Amino acid sequence: MTDDPHTMNRRQLIRHSAWFGAAVGLAVVGGEVISHVAGTAQASHVQGRPALRFAQVSDSHIGFLGKANPNVAGSFSQAIERINNLGYTPDFVIHTGDLTHLATPEQFDQVKQMMTGLRTPHVFTVPGEHDSVDDAGQKYRSVFGAGTRGDGWYSFDIAGVHVIALVNTLNLKKLGHLGADQLDFIAKDVAALTNDTPIIVFSHIPLFAMYPDWGWATDDAAQALSHLRRFSSVTCLNGHVHQVFSKTDGNVTFYSGTTTAYPLPHPGDGPAPKPVTLPAGQLHDALGIREVSYIRGHDTLALKEQALQ
Amino acid sequence: MNYLIRFGIAVTLTISGISHAYLYIHGYQHIPTIGPAFMLQASVSFALALLILLGGPAWLQWAAAVLAGGALIAFALSRTVGLFGFSELGWEPSPHAAISVVAELVTVGLWVVCLVERRRAVAHA
């Protein structure tokens, strides 16, 4: 006991502890209830398994030689292994660009050979700017361009979802660029679709202004998105920025994926997006793959990031 | 007066909590870090609201102000430099963003009123 009004006697301490305990207990109960409601809401839409499950891998930069990752082929192999051990067979795997570092025939051959190890019915790709350094993507298209249109863009339908793969790495000045032909393709491609068709868009460079000063944006993306605004669910997945980032804009959600090669700085952190060399043992925490699930009736896709560690 | 302020803080906390819980249930649960943060914000808001209403000690109101202020800072970061790799535009998602911000501003405002009242009471004592 004490006479100092600023100190606490035992009874007060017990009382405050009880209030604190009640606050923690109620918060835990509230969290449980919210989780349960969220789980029930999700379960009510689920019939068996998700309608569509796929994996995203990006920016493998096969052929990169540098301190940031002296063995990009090894980390890409780990990424493939991680996808092959998801516990289910993904409906497809998408590589969102920069498959190679310098777009040489040997690098294209190596990455293609490595991706034959993916246990999935389909492997899709879009080119990064590193895949078209000296020939506007000709070598890329000779290896990965079968069945594509224009400069390598395409679309397909799977499990009731319409998927569009775009090429915004050719005709680069500073920002990504789609061009009139591709914008025309998008307009015609979605014209016959109903508004409730879920749309997934793949591109290498973000279709949102993540950091234009570093070229992390696409100059004519607004025109492309204008054709997609009427759809209730549009999900845009990209690579290029070597880090997880997301942004929502009405019914359109953008998700940047990480890399399997080397990290880049956060937007504006330094003068330019140069490869970051992490302390020993930390690299594989920054590298990873992404699982994506679509549950029929949901407006948003479920994403799960997995580090290579 | 004091009861009215406590009641007001409890109501605004609940409104902010409902908005966050709704967004968590309707999609935000899938956003890394942000999803769990929304659930935490909602569950702590509900807990504090109930205990403040039941006449809990003053530090519960401080906790409410910190929670509301933190949510406002997180909102500002998500509209500017991003928060845990997440960013949103303007008042999207509408109307939940605007409802939460107004509720949190009122929570902080009521806490300030409560603080001033308490200091005044101490000065007069």
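## Section: the overall build of chain A
Phase 1 of the analysis: When its secondary structure is counted, chain A shows seven helices and eleven strands.
Phase 2 of the analysis: Here the C-alpha coordinates of chain A stretch approximately 85 × 50 × 40 Å along the principal axes.
Phase 3 of the analysis: In chain A, which comprises 309 residues, the share counted as buried stands at 44%.
Phase 4 of the analysis: Considering only intrachain contacts with a sequence separation of at least 6, the fraction spanning at least 24 residues in chain A is 70%.

## Points about the sheet that holds strand β10 (residues 288–294) of chain A
Residues and elements named next belong to chain A.
Phase 1 of the analysis: With mixed pairing, five strands are arranged side by side in an open sheet as β3-β2-β1-β10-β11. Of all the strands in the sheet, the pair left with one neighbour each is β3 (123–125) and β11 (302–307). Averaged over neighbouring strand pairs, the angle between their axes works out to 25 degrees when direction is ignored.

## Points about the domain arrangement of chain A
Phase 1 of the analysis: Taken domain by domain, chain A consists of domain 1 (8–45) and domain 2 (49–307).
Phase 2 of the analysis: One C-alpha centre belongs to domain 1 of chain A, the other to domain 2 of chain A; they are set 41 Å apart.

## Here's the deal with the nonpolar core
Residue and element names in this part refer to chain A.
Phase 1 of the analysis: Grouped together as the largest cluster of nonpolar side chains are 65 residues, with contacts concentrated most on Ile83, Ala165, Leu166, Val201 and Leu207.
Phase 2 of the analysis: If you tally residues by element for this core, the top one is helix α2 (residues 72–84), at five residues.
Phase 3 of the analysis: The residues contacting valine 201, other than those within four sequence positions of it, are Ile164, Leu166, Leu207, Val234 and Cys236.

## Digging into unusual backbone geometry
Residues and elements named next belong to chain A.
Phase 1 of the analysis: Although it is not a glycine, alanine 103 adopts a positive phi angle of roughly 60 degrees.
Phase 2 of the analysis: One can find alanine 103 in the loop between β2 (92–95) and α3 (105–115).
Phase 3 of the analysis: Positive phi, normally seen in glycine, also occurs at histidine 242, with a value near 60 degrees.
Phase 4 of the analysis: Within the fold, histidine 242 resides in the loop between β7 (234–238) and β8 (245–249).
Phase 5 of the analysis: Judged by the 25 C-beta atoms lying within 10 Å of it, histidine 242 falls in the buried class.

Conventions adopted
- Residues numbered from 1 in each chain as written.
- Chains lettered and ligands numbered in written order.
- Predicted model: local features only at pLDDT ≥ 70, side-chain atom pairs only at ≥ 80, totals over all residues.
- Helix = DSSP H or I, 4+ residues; strand = E, 2+ residues; numbered from the N terminus.
- Buried ≥ 20, exposed ≤ 12 C-beta atoms within 10 Å, placed from the backbone.
- Contact = placed C-beta atoms within 7 Å.
- Pairing = 2+ DSSP bridges.
- Axes fitted to C-alpha atoms, helices over the stretch in contact; angles between N-to-C directions.
- Domains from an automatic or database assignment.
- Core = buried A, V, L, I, M, F, W, Y, C linked by C-beta atoms within 7 Å.

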